[in-house]
Amino acid sequence: MRSISFHHRLILAALAGACLAFASPVMGQESEDGLEIGDAPAILPADPGNAGEIERGARPSSSTGDANTLDRGDRDSLPPVTKGAKPTADDKSEELQGINIYLRMGAPLPEVPPEKPYDGKPDEAYGAFQRGLFLTAVDKALPRAQLGDPAAQTLLAEIMSRGLGVKRDLKGAAFWYGQAAQGGDPSAMFKYALLLMEGREVPQDRAKADEFMRRAADAGNASAQFNWAQILVSGTPGVRGLTAAMPYYEKAAEQGIADAQYALAQVYSALKDVPPEKKARAREWMMRAARAGFDTAQLDMGLWLVNGYNGPRDYEAGYRWLSIAAARGNVVAQNRIAHLYINALGTGPNPVEAAKWYVLSRRAGLKDPALEDFYLGLNEEQQKQAIDLANRFRRI
């Protein structure tokens with residue numbers, strides 16, 4: 001169960017801006033608060049009002065084998081893998097590849113690893129819930145919930161909050177979440193903390209909410225770990241807050257929370273005293289967040305690649321990530337990709353396509369004098385084509 005409040009989403013946006021704001025164009029400078037300040041990317045998402053030109057530079061080879069790049073390179077020239085043999089007219093088989101190499105060696109396929117035995121008692125309530133038998137789940141969970149079983153109380157609260165097989169009852173769900181939270185269930189503590197923050201179904205209590213969020217995070221709930229990190233950053237801005245939040249971002253990121261992966265990439269990039277082995281993983285975490293579909297990470301991943309920030313420069317991979325973010329409606333990505341088309345970075349020059357992306361970003365309120373001058377320099381037919389493409393654009 002992953003849930004991130006709007007308030008904490010705002011904190012994440014502020015965190016990204018803060019981390020990027022620490023990157024000054026002055027080489028080798030260090031700020032007084034202990035943050036490392038390196039070369040700022042030529043394209044910065046932190047200040048959409050300044051849509052300056054893309055930095056040009058020596059373009060590195062894309063055939064280095066870097067697993068983080070998206071270049072197809074020599075891979076396109078490889079023959080397709082044949083999965084298994086196919087009988088031919090003379091009863092011979094095509095060359096075997098992949099797992100069937102075992103057959104060519106005359107060895108049997110490896111045995112499937114045995115399942116680990118489970119000695120515990122099956123939870124009939126959760127089993128019914130997983131099979132969609134919600135009323136059965138309620139019947140089996142309710143007696144246990146009334147006797148103080150936190151797991152059963154959490155299950156009952158989840159069923160009631162979502163109206164699964166029963167009438168939706170947010171007040172009743174809040175009651176059972178509260179009971180389960182008091183009993184120490186990590187998921188319930190996280191859910192109840194959110195309820196206490198919102199103050200709709202239960203009286204608002206920020207101090208109590210923070211306590212349950214911290215306890216849920218320490219108990220291993222991934223969403224709580226991310227949210228508690230956000231609370232630490234919000235409550236203590238600067239190096240101290242980021243340093244205190246970093247372990248929680250790390251734990252949430254390892255459990256697959258894309259927001260935490262993005263935040264961790266920014267924190268690793270911004271903090272001076274982060275160990276080198278962690279700093280070296282900043283781009284990896286940004287890539288994982290981008291691959292998880294987090295459009296802000298897709299934007300920043302594109303910018304990092306185009307500008308050679310926290311790793312080698314790769315215009316083509318940067319173009320692809322910016323294209324994904326732009327197609328999903330990210331306004332800054334739409335603005336930046338217009339520059340890529342104009343300067344032929346990572347893609348061929350295409351004035352109409354550049355103008356299309358500029359029109360879309362300008363309609364969303366992002367001004368760019370350089371792109372405005374470019375657009376006005378196009379002939380009437382090109383402008384018409386660009387507007388038509390912009391009118392037909394649909395976010396994916």
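Residues numbered from 1 in each chain as written. Predicted model: local features only at pLDDT ≥ 70, side-chain atom pairs only at ≥ 80, totals over all residues. Heavy atoms only, no water.

## Digging into the overall build of the protein
Helices and strands together make up the secondary structure of the protein, namely 19 helices and 0 strands. Looking at the protein alone, contacts between residues at least 24 apart form 54% of all its contacts between residues at least 6 apart. On the protein, roughly 21,100 Å² of surface is accessible, and the fraction owed to carbon and sulfur atoms is 53%. (Helix = DSSP H or I, 4+ residues; strand = E, 2+ residues; numbered from the N terminus. Contact = heavy atoms within 4.5 Å. Areas by Shrake-Rupley, 256 points an atom, 1.4 Å probe, with all protein chains shown as cover.)

## What to know about the nonpolar core
Ranked by size, the top nonpolar core spans 75 residues in total, and within it Y192, M213, Y249 and M301 carry the most contacts. Sequence-distant contacts of M213, defined by excluding residues within four places in its chain, comprise F190, A193, L194, M197, A224, N227, W228 and I231. Judged by nonpolar contacts, the second largest core, of 29 residues, contains V306, A325, V332 and Y358. (Core = buried A, V, L, I, M, F, W, Y, C linked by side-chain atoms within 4.5 Å. Buried < 20%, exposed > 50% of the residue type's maximum accessible area, 1.4 Å probe, protein only.)

## A look at the packing of helix 11 (residues 258-270) against helix 14 (residues 295-307)
At a minimum axis separation of 10 Å, helix 11 and helix 14 run at an interaxial angle of 35°. Counting all contacts with helix 11, which are made through Y262, A265, Q266 and S269, the residues of helix 14 involved are T296, A297, D300 and W304. Of the residues in the contact of helix 11 with helix 14, the class split is 4 nonpolar, 3 polar and 1 charged. (Axes fitted to C-alpha atoms, helices over the stretch in contact; angles between N-to-C directions. Nonpolar A, V, L, I, M, F, W, Y, C, P; charged D, E, K, R; others polar.)

## Topic: the pattern of salt bridges
For the structure shown, the criterion picks out 13 salt bridges. Where R206 meets D210, a salt bridge forms, and the shortest distance between an N and an O atom there is 3.1 Å. With R206 and D210 both in helix 8 (residues 206-218), this residue pair falls 4 residues apart, about one helical turn. The exposure class of R206 is partly exposed, given its relative accessible area of 39%. With a relative accessible area of 19%, D210 lands in the buried category. Between R214 and E211 there is a salt bridge, and its shortest N-O distance comes to 2.7 Å. In this pair, R214 and E211 are both assigned in helix 8, 3 residues apart and thus about one turn of the helix distant. On the accessibility criterion, R214 (28% relative accessible area) is partly exposed. (Salt bridge = Lys/Arg side-chain N within 4 Å of Asp/Glu carboxyl O.)

## Side note on the packing of aromatic side chains
Within this structure, the stated rule accounts for 9 aromatic pairs. Ring plane angle 70° and centroid distance 5.0 Å describe the contact between F175 and W176, whose orientation is recorded as edge-to-face. Their ring planes at 70° and their centres at 5.2 Å tell us that Y262 and F294 sit as a pair that is edge-to-face. Placement of Y262 in helix 11 and of F294 in the loop between helix 13 (282-291) and helix 14 is noted, with a sequence separation of 32 residues between them. If you follow K251 out to its NZ or CZ, it ends over the ring of Y248, 5.4 Å from the centre. (Phe/Tyr/Trp six-rings, centres within 6.5 Å; stacked < 30°, edge-to-face > 60°. Lys NZ or Arg CZ within 6 Å of the ring centre and 35° of its normal.)

## Re the environment of I324
The topology assignment puts I324 in helix 15 (residues 315-327). Residues I324 and D295, 29 residues apart in the sequence, show an inter-C-alpha distance of 8.0 Å.

## Observations concerning the packing of helix 4 (residues 134-146) against helix 5 (residues 150-162)
Where helix 4 meets helix 5, the closest approach of the two axes is 8 Å, and the angle between their N-to-C directions is 140°. In terms of their interaxial angle, helix 4 and helix 5 are classed as oblique. Crossing angle aside, the handedness with which helix 4 passes helix 5 is left-handed. Every residue of helix 5 that contacts helix 4 at F134, A137, V138, A141, L142, R144 and A145 is listed here: A152, Q153, L155, L156 and I159. (Parallel < 35°, antiparallel > 145°, perpendicular 65-115°, else oblique. Left-handed = near helix turned anticlockwise from the far one by under 90°.)

## Focus: helix 7 (residues 186-198)
Over its 13 residues, helix 7 runs 19 Å from end to end, which matches the ideal 18 Å to within 8%, given 1.5 Å per residue. Among the residues of helix 7, those classed as buried are A188, M189, F190, Y192, A193, L194, L195, L196 and M197. Looking one or two places after helix 7, you find G199, whose phi comes out positive at around 70°. (Expected span 1.5 Å × (residues − 1).)

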